[in-house]
Amino acid sequence: MGGDYAPDMVIKGAAAILPRFPQVRFILFGDAEQVEPLLRKFPQLRDRSELRHTSEKVGSEDKPSQAVRRGRNTSMRLAIDAVAKGEAQAVVSAGNTGALMAMAKLVLRTLPGIERPALASFFPTMKGETVMLDLGANVDCDSRNLVQFAVMGANLAHSALGRHRPRVGLLNIGTEELKGNGAVRDAADLLRAVPNPPFEFTGFVEGDDITKGETDVVVTDGFTGNVALKTAEGTAKLMGTLLRSAFQRSLLTKLGYLLAYSGLQMLKSRMDPRFYNGAVMLGLNGIVVKSHGGTDEVGFAAAIEVAIDMAQDRLIERIRADFSGAFAEALTSPSTSNNGKDATADIAPSAVAEAP
């Protein structure tokens, strides 16, 4: 029931995914009076779905603390509970991001060895896609948090992008070893010291490296990640506006648009945010995918596909295994610094970014 166009786009998105994933089944949580008529239009989806009625939902303006206290019977909470009980392998929601993070953390808890969940998503690059985290769940991070994000991001790149040995970089103001704050430099030292990691640590990357595709995972704190995300979104909108303005200047430029139409459509498709929809709340003891609230059925189907990929690749088990070995030893070593910050502080839901 979450999102600007729910439940219509949720049902259509679920129906769209069935031809590619015939084994998938859904448990739908929402108002039966609204959902059932939509399901009748998609008999195949109806046959593969179970509808559980609830008239309660989390509103887009609800504060996370209120949603946690009063939302036990909302569609969002019941969907998360289904994952906690083992009835579902993943939950996908286009609802209130802060509420989803707060509820999921309360119900599912974090995996052993992980102090804070992180919000991760995908960026288009010159060579495909890259994972970036954190995108707003944790404003302040210490070196241990960043190392944990690196491990989780590498596992996501393996599950969703098929990168068997992902290249991981730390976002910094320069590539030199002396650049950046203490948390970033200490995190780099920790990552270099971990024996036989399941990924390749490439060192520091700068902002203009994110879209080059030389790194499969870009790790940063939630403040910097959210600023980078919103800057990229704004730049994409600016490019679209400038292109439209340029092609509308004269009859000659309009003719040029017609000649370049196929190439421009390819560019539009490559930059379409719907195909990169689905931010992952990594670090929880269950798969939680956040769809953008303003997406349509195409975007929601993409978010479902992310969840399916992670479930099929057993993402949670992979992360749990990593934190039971060399990584756990590295993070508990005396050399680990928390830079004066409390690494066990709760996430500030008000700082959680809307999924891209």
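No experiment lies behind these values; they were computed from the predicted model shown.

Colleague: Account for the side chain of D209, naming residues and giving values.
Modeller: Within the secondary structure layout, D209 lies in the loop between β7 (200-205) and β8 (217-219). Overall, D209 belongs to the buried group, its relative accessible area being 17%. Separated by 2.8 Å, the side chain of D209 and the backbone nitrogen of E206 make a polar contact. For D209, the side chain forms a polar contact with the side chain of K212, separated by 3.1 Å.

Colleague: Lay out helix α9 (residues 222-247) in plain terms, naming residues and giving numbers.
Modeller: For α9, spanning 26 residues, the distance from its first C-alpha to its last is 38 Å, which sits close to the expected 38 Å at 1.5 Å a residue. Buried residues of α9: G222, G225, N226 and L229, and no others. On the buried face of α9, the contacting elements are β4 (118-125) and β5 (128-133). The residue sitting at the N-terminus of α9 and contributing the capping side-chain oxygen is D221; that oxygen lies 3.0 Å from the backbone nitrogen of F223.

Colleague: Give a detailed account of the nonpolar core, specifying residues and quantitative values.
Modeller: With 45 residues, the main nonpolar core has V131, L133, L146, L170, V219 and L282 as its most contacted residues. With sequence-adjacent residues up to four places away left out, L146 is seen in contact with C141, L170, A183, V184, A187, V219, T220 and D221. Of all hydrophobic cores here, the second largest spans 30 residues; its members include V58, M101, V218 and M281.

Colleague: Tell me about the confidence of the model for the protein chain, and please be specific about residues and values.
Modeller: Summary statistics for the protein chain give a mean pLDDT of 86 and a share of 91% for residues scoring 70 or more. Here residues 334-356 scores under 50 on pLDDT; set against residues more than four positions off or in separate chains, the count is 70 contacts.

Colleague: Go over a nonpolar patch on the surface, please, and point to the residues and values.
Modeller: On the surface, a cluster of nonpolar side chains totalling about 670 Å² of accessible area is made up of L252, L255, Y257, L258, L259 and Y261. No other element matches helix α10 (residues 251-259), which puts 5 residues into the nonpolar patch.

Colleague: Give a detailed account of the environment of L106, specifying residues and quantitative values.
Modeller: As for its position among the elements, L106 is in helix α6 (residues 97-108). You can call L106 partly exposed: its relative accessible area is 36%. The spatial distance from the C-alpha of L106 to the C-alpha of V68 is 8.2 Å, given a sequence separation of 38 residues. Beyond its immediate chain neighbours, meaning those up to four positions away, L106 contacts V68 and R77.

Colleague: Any chance you could break down the packing of helix α7 (residues 143-161) against helix α13 (residues 315-322) for me, citing the residues and the numbers?
Modeller: It is at 10 Å that the axes of α7 and α13 come closest, and there the two elements cross at 145°. Judged by the twist between their axes, the crossing of α7 over α13 is right-handed. Across the interface between the two elements, V151, M152, N155, L156, H158 and S159 from α7 touch L315, R318, I319 and D322 from α13. For the contact of α7 with α13, the residue count by class is 5 nonpolar, 3 polar and 2 charged.

Colleague: Describe in detail the side chain of H158, supporting the description with residues and values.
Modeller: Along the chain, the position of H158 falls in helix α7. Judged by relative accessible area, which is 14%, H158 ranks as buried. If sequence neighbours within four positions are ignored, H158 has contacts with R163, H164, P166, D313 and R318.

Conventions used here
- Sequence order as written defines residue numbering, which begins from 1 separately in each chain.
- Local features in this predicted model are restricted to residues of pLDDT 70 or higher, and side-chain atom pairs are both shown and tallied only at a pLDDT of 80 or more, whereas totals for entire chains, interfaces and linings draw on every residue.
- Hydrogens are left out, water is left out, and the side-chain values use all remaining heavy atoms of the structure.
- Every helix listed is a DSSP run of H or I at least four residues long, and every strand listed is a run of E at least two residues long, numbered separately from the N terminus.
- A simple rule labels every residue: compare its accessible area, found with a 1.4 Å probe on the protein chains alone, to the largest value its type can have, and call it buried under 20%, exposed over 50%, or partly exposed in between.
- Two N or O atoms form a polar contact when they lie within 3.5 Å of each other; inside protein one atom must be a possible hydrogen donor and the other a possible acceptor, and for residues adjacent in sequence the pair counts only when both atoms belong to side chains.
- The span expected for a helix works out to 1.5 Å for each residue beyond the first.
- Two residues qualify as a contact provided that any one of their heavy atoms is within 4.5 Å of a heavy atom in the partner residue.
- Take the buried residues of types Ala, Val, Leu, Ile, Met, Phe, Trp, Tyr and Cys, join any two whose side-chain atoms come within 4.5 Å, and each joined set is a nonpolar core.
- Each residue carries a pLDDT value, the predictor's own confidence for that position, ranging from 0 to 100.
- Here a patch means residues that are over 30% exposed by relative accessible area and free of salt bridges, tied together within 9 Å if like-charged and within 5 Å if nonpolar (Val, Leu, Ile, Met, Phe, Trp, Tyr).
- All accessible areas in this document rest on Shrake-Rupley with a 1.4 Å probe, and a residue is counted as covered only by the protein chains that are shown.
- Any Lys or Arg side-chain nitrogen located within 4 Å of an Asp or Glu carboxyl oxygen qualifies as a salt bridge.
- Throughout, an axis means a line fitted to C-alpha atoms (over the contacting stretch in the case of helices), and angles, computed between N-to-C directions, take values from 0 to 180 degrees.
- Rotating anticlockwise by less than a right angle from the far helix to the near helix defines a left-handed crossing, while the corresponding clockwise rotation defines a right-handed one.
- Three categories are distinguished: nonpolar for Ala, Val, Leu, Ile, Met, Phe, Trp, Tyr, Cys and Pro, charged for Asp, Glu, Lys and Arg, and polar for the others, with Gly belonging to the last.

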